[in-house]
Amino acid sequence: MPGYWAAPKAPTTEAAANAMAANSSRRMPRVIIIGVRKGGTRALLEMLNLHPDIEVARSEIHFFNLDENYERGFGWYLAQMPLSLPYQLTVEKTPGYFASPKAPARIYDMNSSIRLLLIVRDPAERLISDYTQVLYNRKERRKPFQSLEQLVLRKGKLNTNYKAIQRSLYDVHLTNWLRFFSLGQIHIVDGDVLIQDPFSEVEKVERFLKLRPRILRSNFYFNQTKGFYCLNTEGREKCLDESKGRPHPAVNRSILRKLCDYFSEHNERFYKMVGRTFSWCGNNSRV
């Protein structure tokens, strides 16, 4: 599976394996990573999968945001979940949920007490990562593509209908979620800190999920060649695959300024909603 590598949680004896098989079943998730797209959701999922009390759904299911999947019913959704034991938390992640108008109500109808993880990062950087992923995908398929400037600007003005801009309006989307869930049910992960000090952010998630602390600082090591943290578990090491951490295209400073000016008011509203601030945009020396 692309992304981080995590050691399988295998029983040590045949008797333990038989007992595990007898007690394991597919269970609805009690935790969902709802977003944001290009915020680090895959990295967070694989980091959490190091914990013995967590089992993760390996693929993005897009059940609550795509009508064609939702219409398949909860039986289909349950079938996408991993086998788990009664004491384990099943975690699903689909970053498309956060910006979906329908996802909050649908998730609430399934489980009104579910716990949600939202990982956010600098909205301008998130937008550029969003564009970069689409750019590489189109290049790999030999499809035509537009520059970021062509997509972001229309006749010299910011194209606020561009989907990547819309996805970075965290306050707008969180407002929809808070119609159904309390802020206490939503843990905000700082995606920028996750890159710089992953252990500190994962430790906070463990506390939020009321898990015994089992993920260690020694599970993370900084790879000097790649320039970011990788995982280390049971003496094995693995980093993000080539589809992650791709270099961003150069972006004109005037475009970054326009984006930051536009995001500024939305960022301030988001800060007030969650009761904390982040070092985004205007505080970025690049701009």
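Whatever comes next refers back to the structure up there.
Below: a short report on this structure. On a predicted model such as this, the values are computed, not experimentally measured, just so you know.

## Remarks on the packing of aromatic side chains
- For the structure on display, the rule yields 21 aromatic pairs.
- Both rings, one in F63 and one in F64, keep their centres 4.9 Å apart while their planes meet at 80°; by these two values the pair is edge-to-face.
- Here F63 falls in the buried class, since its relative accessible area comes to 0%.
- Their ring planes at 15° and their centres at 4.5 Å tell us that F63 and Y77 sit as a pair that is stacked. Of the two residues, F63 is situated in the loop between β3 (54-56) and α3 (67-70) and Y77 in helix α4 (residues 74-79); the sequence distance between them amounts to 14 residues.
- The aromatic ring of Y70 is capped on one face by R106, whose charged end is 4.1 Å from the ring centroid.

## Things to note about the sheet that holds strand β5 (residues 89-93)
- Reading across from one edge, β3-β5-β2-β6-β9 is the order of the five strands in this open sheet, with parallel pairing throughout. Taken across any chain shown, the strands that pair with only one partner, and hence form the sheet edges, are β3 and β9 (186-190). Shown here is a sheet whose adjacent strand axes are inclined to one another by a mean of 25°, direction ignored.
- Bridge analysis of β3 against β5 gives three bridges, and the strand direction is parallel. Paired with V56 across the strands is V91, a residue of β5.

## Digging into the environment of I165
- Residue placement: I165 occurs in helix α8 (residues 163-167).
- Residue I165 is classed as buried on the basis of its relative accessible area of 0%.
- Measuring from C-alpha to C-alpha, the distance between I165 and I128 comes to 9.5 Å, with 37 residues separating the pair along the chain.
- For I165, the residues in contact, after removing those within four places along its chain, are L127, L158, N159, T160, L259, Y262 and F263.

Conventions adopted
- Residues numbered from 1 in each chain as written.
- Predicted model: local features only at pLDDT ≥ 70, side-chain atom pairs only at ≥ 80, totals over all residues.
- Heavy atoms only, no water.
- Phe/Tyr/Trp six-rings, centres within 6.5 Å; stacked < 30°, edge-to-face > 60°.
- Buried < 20%, exposed > 50% of the residue type's maximum accessible area, 1.4 Å probe, protein only.
- Helix = DSSP H or I, 4+ residues; strand = E, 2+ residues; numbered from the N terminus.
- Lys NZ or Arg CZ within 6 Å of the ring centre and 35° of its normal.
- Pairing = 2+ DSSP bridges.
- Axes fitted to C-alpha atoms, helices over the stretch in contact; angles between N-to-C directions.
- Contact = heavy atoms within 4.5 Å.

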